[in-house]
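Now for the letters of each chain:
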Amino acid sequence: MKNLTYILVAIAFTGCANKNYTLMQTPDQTVEASSARYYNVDYKIQPMDRLAIVSYNHKDLMPVSINDKGILLDSHGYATLPLVHKVHLSGLTQNQAAHKLERLYSKYLKNPSFNVEALNKKIYVLGEVKKPGVVKMDKDQITILEALANAGDLGDNAVRNNIIVLSRDTVGHMRMRKIDLTNFSAMQATNLMLKPNDIIYVQPNNWKQIKVTADNLGAVTKVISNVAAPYLIFK
């Protein structure tokens, strides 16, 4: 019975495979553009971030060995640095943090110049992808296609026309948007950019649910058979 279920599912799936597995297949359909006002923003440093701080004109101030692992901010967003001691950097963009350090160090050094970069920028890819988990970022923004490529691409049972992205706007409110990768016009009208700490969730299709249900029923049937077998043999 279980094998028959798999056969029926396979036949039904084959009938619609061309539509489900093809991306950007309906260029004639248009959708309303989603607002990008809370996505295209510079990354702001957060408490517990690790920062690489490079001093261009005074290289001994920040040795390379320190920046290999990064300088860890405490839970209140402060970094402990030479000469200036504790400096609050949380809430600033990377450029703003560099300018703040230049102002502080100008009291002690001639023509200080800094570059600040957060080393732990990442996004989370969950659901029907081949390698779900954390995707590290080496820049402030990446596209959803880059993120999915880093997660090993979509799985066989992924819903391709309703991918969910969760982001926080500039005031900390959670926002949700849905992206259709089967529709070229929809992709043109939708914001495909991701910023650090965004969450991508790829939903499973109905066939995945049927397979899971069939597997569960098969496991229950096997347990019942194993339990009942000694009684039937005895009888």
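Residues numbered from 1 in each chain as written. Predicted model: local features only at pLDDT ≥ 70, side-chain atom pairs only at ≥ 80, totals over all residues. Heavy atoms only, no water.

Undergrad: An account of the environment of Val134 is requested, with residue identities and associated values reported.
TA: Its place among the elements puts Val134 in strand E7 (residues 133-136). For the pair formed by Val134 and Ala151, sequence separation is 17 residues and the distance between their alpha carbons is 8.4 Å. Filtering out sequence-adjacent residues up to four positions away, Val134 remains in contact with Lys122, Ile123 and Tyr124. (Helix = DSSP H or I, 4+ residues; strand = E, 2+ residues; numbered from the N terminus. Contact = heavy atoms within 4.5 Å.)

Undergrad: Summarise the sheet that holds strand E6 (residues 122-127); cite the residues concerned and give the values.
TA: Through backbone hydrogen bonds, the strands of a sheet pair up, either in parallel or in antiparallel fashion. Reading across from one edge, E7-E6-E12-E9-E10 is the order of the 5 strands in this open sheet, with mixed pairing throughout. One side of each edge strand has no neighbouring strand; the edge strands of this open sheet are E7 and strand E10 (174-179). The average angle at which neighbouring strand axes cross in this sheet is 25 degrees, direction not considered. Examined bridge by bridge, strand E9 (residues 163-168) and E10 share 6 bridges and lie antiparallel to one another. By the bridge assignment for E10, Val165 is matched with Arg177. (Pairing = 2+ DSSP bridges. Axes fitted to C-alpha atoms, helices over the stretch in contact; angles between N-to-C directions.)

Undergrad: Provide a residue-level description of the packing of aromatic side chains, including the pertinent values.
TA: Enumeration over the complete set of coordinates arrives at 1 aromatic pair. Taken together, a centroid distance of 5.1 Å and an interplanar angle of 40 degrees make the contact between Tyr105 and Phe114 tilted. For the residue pair Tyr105 and Phe114, the accessibility class agrees, reading buried in each case. Sitting over the face of the ring of Tyr78, Lys86 holds its NZ or CZ atom 5.2 Å from the ring centroid. Positioned above the aromatic ring of Tyr43 is the side chain of Lys121, whose terminal nitrogen or guanidinium carbon lies 5.9 Å from the ring centre. (Phe/Tyr/Trp six-rings, centres within 6.5 Å; stacked < 30°, edge-to-face > 60°. Buried < 20%, exposed > 50% of the residue type's maximum accessible area, 1.4 Å probe, protein only. Lys NZ or Arg CZ within 6 Å of the ring centre and 35° of its normal.)

Undergrad: Outline the pairing of E7, supporting the account with residue identities and numerical values.
TA: Note that E6 and E7 share 4 bridges and pair antiparallel. Residue pairing across strands places Lys122 opposite Lys136, the latter belonging to E7.

Undergrad: Describe helix H4 (residues 94-105), and please don't skip the residues or the numbers.
TA: Taking 1.5 Å as the rise per residue, H4 with 12 residues should run 16 Å; its terminal C-alpha atoms sit 17 Å apart, in good agreement. By the burial criterion, the buried members of H4 are Gln94, Ala97, Ala98, Leu101 and Tyr105. Take H4 and look down its axis: the buried residues cluster within an arc of 100 degrees, on one side only. The outward face of H4, more than 90 degrees from its buried face, is lined by the exposed residues Asn95 and Arg103. On its buried face, H4 sits against strand E1 (50-55), strand E3 (78-81), strand E4 (85-88) and strand E5 (114-118). (Expected span 1.5 Å × (residues − 1). Arc of directions from axis to C-beta.)

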